[in-house]
Structure formats: structure tokens, C-alpha cells
Amino acid sequence: MHTMTQEQLARFNKLVGERCDLFFPAAKQVVLENRLRERLLACGHSDYDNYYNRLLEEPEEMQNLLEGLTVNETRFFRNPAQFKALRERILPGMIDGRNREIVKSWGDETRPWKWGERHPLMHLRAWSAGCSTGEEAYSIVFTILDSLKFPRAWDIEITATDINRSVLGHARMGVYGNNAAKDITPDVLARHMDRREGGLVVKEFPARLVKFYESNLKDLSARRGIMTLTSADGLEAERDATGYFDIIFCRNVMIYFDRTAQARLVNTLYRCLKPGGFLFTGDSEPLHLFEHEFNVITDGDAVYYVKPS
Ligand SMILES: C[S@@+](CC[C@H](N)C(=O)[O-])C[C@H]1O[C@@H](n2cnc3c(N)ncnc32)[C@H](O)[C@@H]1O
């Protein structure tokens, strides 16, 4: 039986934090310990120092370790009060505002636009940060599509990112068990999903609007809003996400980070929003613990944050 000293455990904890901001406080260290033991045996190492060195040398093994450390629990329309606010207040306001700007821009020669072309203001960009198996990203796109009179006339882009490759594989397929139906109203289900033997699959149009990428929130914070996005075929692209998104969902992700990493991420998410853009966090991730510049909105049972215009 391999034993690990407290110093070794602390070293692993620090390394995982350095790579992806995940932090295991004393009460949760047993999760890290168990996962390390599993990987040590799987790799055929006999001591933890050798395994530590391997982690430093092999990014693939770091990824294997991380896949067993992240908590991936999620579901469609998780926190229904937030989706109600998105559907009933945020999107109608945003779409109206954009339509008004479009009308104002007619005849504005500095913003030339021809009839028959999509107006440059007809776009909506949302981000599911820490998307896990994709239910959150698809819930967002379903809600956006249902808020627009002519959804196909708009440029809708949902970016969905996670650090865990195996959940992204699941998310990209868009296939879920029948029990997912309990979280989706029958009319939304009928519009956006098909029933297949043994489960549900997201229809082609909403699925096409969601792009899943491997991306580490730690890197995004370190690079002040520059995203590194790795697609399914392993291609890496960079995006300057400064002022890019109308809506960000980053829920039940930073709860696993330490306070410093949380504060840094909140500031980075602020930077990535357009003025007037909205941020949703998880119920256990209130922002009042940090210094931030968001306005806080309490709307029924939902709390969310808006970047001042
Ligand atoms: C509990 S799930 C939350 C899923 C969804 N947002 C929700 O609230 O239902 C947390 C996700 O965050 C991802 N995650 C953790 N650390 C991350 C990091 N540094 N960068 C990107 N994703 C991360 C995990 O892999 C996991 O899939």
C-alpha cells in the first residue's frame, strides 16, 4: 500500500491549484488523495514523488488526473428562477434595445448597411463557462431562440467551455437520457429536442449554434480575457474576449476555487462582458464577498449581476 505524507499531499494540492485553480480544503482533501492513489496505480508508479514529476512532464497525465477531480453535476434549466429572469426580463430588454439601435442607425453613414443583409447589431453572444455535459449551454440557446420572433435572422453564438475533455465529448453529442425531460417543459422539449430510442437529442438548429471548447478559466484570468479555445479536433484558437459577451453563465464552478482565484475570475468575467451585459453565478457563489463593479439585481428568487453601460 502506498502512503502519502502531508507534505506530498500539500504539494499536489498546490500543483492542481496552479494548473486550474481547483483547491481542496482540509475537509475535501480525501477526494484528492483518493484520485492520486487511483492514478498512481493506473500509471504503475510506486511512489508519489515519481508521479509528481510525471505530472510536471506530461500534460496528458495532468488531464487524466483532473478528469477525476472536477465535479460535473448539472441539469437542464438548473435554477429555474434565473432562466425565468433571462426569458421574461433580460432577453426582451436586450432585443428591444438592439432593435431600437438598429432603427436609429438607418441612414447613419458611419454604419452603412443594406436592406437584405443581416444588420451588424443583430447578434447575441452568450457563454456557458464550466459547461460540464452541456445542459446549461443548450438551456441558454433554447431560451434565446424562444425569445426571438425571427431567430434565423439573428447571429446567435453560444460559447461553452470546460477543462474536462470527457464531459465535452458528451456535450458535443447533445444526447441525454429520458430523465432529462423532467427539467424541460413539454413545449420547449418539443421545439428543440427529438426523442430517440432510450433518450433525447438536441435538434440540429440549436445544436449548431453552440460551440464547445476545452478552455481553462485559470488561463483566461492569467491572460486578462484572452481565451484559448481547443476544439474537438485539437485545434487551438485564441479569442480576445474583452467586451465580447452579452450574457455569461459561470455557475457552480468557482465554488471549487480559493478566494483569490474567485476574485480574479469575477474581475475577468466583468471584463469579458459588453457594457450592459449580464452575469449569472451559482446560488452558493454570491459576489458580495469580493470587490466588484457589477450592479446586483434581485428579481424574485433570482440574483444576477449587470455590468453598468
Ligand atoms: C459542477 S459543474 C457546473 C456545470 C454548470 N455550470 C451548472 O451549474 O450546472 C462545474 C464544471 O466546471 C468545470 N471546471 C472546473 N474548473 C475549471 C477551470 N479551471 N476551467 C474551466 N472549467 C472548469 C468542471 O470540469 C465542471 O464540469
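The rules behind the values
- Residues numbered from 1 in each chain as written.
- Predicted model: local features only at pLDDT ≥ 70, side-chain atom pairs only at ≥ 80, totals over all residues.
- Heavy atoms only, no water.
- Helix = DSSP H or I, 4+ residues; strand = E, 2+ residues; numbered from the N terminus.
- Rg over C-alpha atoms; globule rule 2.2 N^0.38 Å.
- Areas by Shrake-Rupley, 256 points an atom, 1.4 Å probe, with all protein chains shown as cover.
- Lys, Arg positive; Asp, Glu negative; His and termini not counted.
- Charge placed at Lys NZ, Arg CZ, Asp CG, Glu CD.
- Near = heavy atom within 4 Å.
- Nonpolar A, V, L, I, M, F, W, Y, C, P; charged D, E, K, R; others polar.
- Expected span 1.5 Å × (residues − 1).
- Buried < 20%, exposed > 50% of the residue type's maximum accessible area, 1.4 Å probe, protein only.
- Arc of directions from axis to C-beta.
- Contact = heavy atoms within 4.5 Å.
- Axes fitted to C-alpha atoms, helices over the stretch in contact; angles between N-to-C directions.
- Parallel < 35°, antiparallel > 145°, perpendicular 65-115°, else oblique.
- Patch = residues over 30% accessible without salt bridge, like charges linked within 9 Å, V, L, I, M, F, W, Y side chains within 5 Å.
- Salt bridge = Lys/Arg side-chain N within 4 Å of Asp/Glu carboxyl O.
- Phe/Tyr/Trp six-rings, centres within 6.5 Å; stacked < 30°, edge-to-face > 60°.
- Lys NZ or Arg CZ within 6 Å of the ring centre and 35° of its normal.
- Pairing = 2+ DSSP bridges.
- Domains from an automatic or database assignment.
- Buried area = accessible area lost by both parts, 1.4 Å probe.
- Polar contact = N/O pair within 3.5 Å; in protein donor to acceptor, adjacent residues only side chain to side chain.

**Student:** How would you sum up the overall build of the chain? Please name residues and give values.
**Tutor:** Looking only at helices and strands, one finds 11 helices and 12 strands in the chain. A compact globule built from 309 residues should have a C-alpha radius of gyration of about 19 Å, and the chain, at 21 Å, falls within 12% of that. Total accessible area computed for the chain in this model is approximately 15,600 Å², and 51% of it derives from carbon and sulfur atoms. Charge-centre separation for the chain: the mean point of 41 positive side chains lies 4 Å from the mean point of 44 negative side chains.

**Student:** Help me get a handle on the site of the ligand, residues and values and all.
**Tutor:** Neighbouring residues of the ligand: 21 residues in total, closest Asn72, Thr74, Arg78, Asp162 and Asn252. The fraction of the free accessible surface of the ligand (600 Å²) that becomes covered by protein chains is 99%. Its residues assigned to classes, the shell around the ligand comprises 7 nonpolar, 9 polar and 5 charged.

**Student:** Describe helix α2 (residues 29–42), naming the residues involved and giving the relevant values.
**Tutor:** Between its terminal C-alpha atoms α2 stretches 20 Å, which fits the 20 Å expected from 14 residues at 1.5 Å a residue. If you check which residues of α2 are buried, you get Gln29, Leu32, Arg35, Leu36, Arg39 and Leu40. Down the axis of α2, the buried set is contained in an arc of 140°. They therefore lie on one face. α2 presents Leu41 and Ala42 as exposed residues on the side facing more than 90 degrees away from its buried surface. Where α2 is buried, its residues meet α1 (6–20), α3 (48–57) and α4 (59–67).

**Student:** For the packing of α1 against α2, give the residues involved together with the corresponding values.
**Tutor:** Packed helices, taken two at a time, are described by the angle their axes make and the gap between the axes. Orientation of α1 relative to α2, taken along the N-to-C sense of each, is 95°, at an axis distance of 11 Å. The orientation of α1 relative to α2 falls into the category roughly perpendicular. In this structure, α1 contributes Gln6, Leu9, Phe12, Asn13 and Val16 to the contact, and α2 contributes Gln29, Leu32, Glu33 and Leu36. When the residues that make up the contact of α1 with α2 are grouped by side-chain class, the tally is 5 nonpolar, 3 polar and 1 charged.

**Student:** Describe a nonpolar patch on the surface, and please don't skip the residues or the numbers.
**Tutor:** A surface patch of nonpolar side chains, about 410 Å² in accessible area, is lined by Val103, Trp106 and Trp115. Inspection of the secondary structure assignment puts Trp115 in the loop between α5 (80–105) and β1 (123–129).

**Student:** Could you give me a rundown of the packing of aromatic side chains, with the residues and numbers involved?
**Tutor:** In the structure shown here, the tally under the stated rule is 16 aromatic pairs. Ring centres of Tyr138 and Tyr176 lie 6.2 Å apart, and the angle between their planes is 75°; this geometry places the pair in the edge-to-face category. On the criterion of sequence distance, the pair formed by Tyr138 in helix α6 (residues 135–147) and Tyr176 in strand β3 (residues 175–177) is long-range, its members being 38 residues apart. By relative accessible area, Tyr176 is classed as buried at 5%. Taken together, the ring pairs connect Phe77, Phe83, Phe249, Phe278, Phe280 and Tyr304 into an aromatic cluster. Arg125 extends its terminal NZ or CZ atom over the ring of Tyr244, reaching a point 4.1 Å from the ring centre.

**Student:** How would you sum up the sheet that holds strand β4 (residues 193–196)? Please name residues and give values.
**Tutor:** Across the sheet, which stays open at both edges, the 3 strands sit in the order β3-β5-β4 with antiparallel pairing between neighbours. With one partner strand each, in any of the chains shown, β3 and β4 form the two edges of the open sheet. Each strand of the sheet is rotated relative to its neighbour by a mean of 30°, with strand direction disregarded. Of the pairings in the sheet, the one linking β4 to strand β5 (residues 199–202) comprises 4 bridges and is antiparallel in character. For Asp194, the partnering residue across the bridge sits in β5 and is Val201.

**Student:** Which residues make up the domain arrangement of the chain, and what values go with them?
**Tutor:** Reports often express the size of an interface as the amount of accessible area lost when the parts come together. Per the domain assignment, the segments making up the chain are domain 1 (6–67) and domain 2 (80–306). Between domain 1 and domain 2, the C-alpha centre-to-centre distance is 32 Å. Per-residue buried area on domain 1 facing domain 2 is highest for Asp21, Gln63 and Glu67; these three make up 51% of the total on that side. For the pair domain 1 and domain 2, the number of links is 3 salt bridges. Linking Asp21 and Arg264 is a salt bridge whose minimum nitrogen-to-oxygen distance equals 3.1 Å. Across the contact surface, domain 1 and domain 2 share 11 residue pairs in polar contact (both at pLDDT 80 or more). Among the secondary structure elements, those contributing two or more residues to the side of domain 1 that touches domain 2 are α1 and α4. A per-class count over the side of domain 1 that touches domain 2 returns 4 nonpolar, 2 polar and 5 charged.

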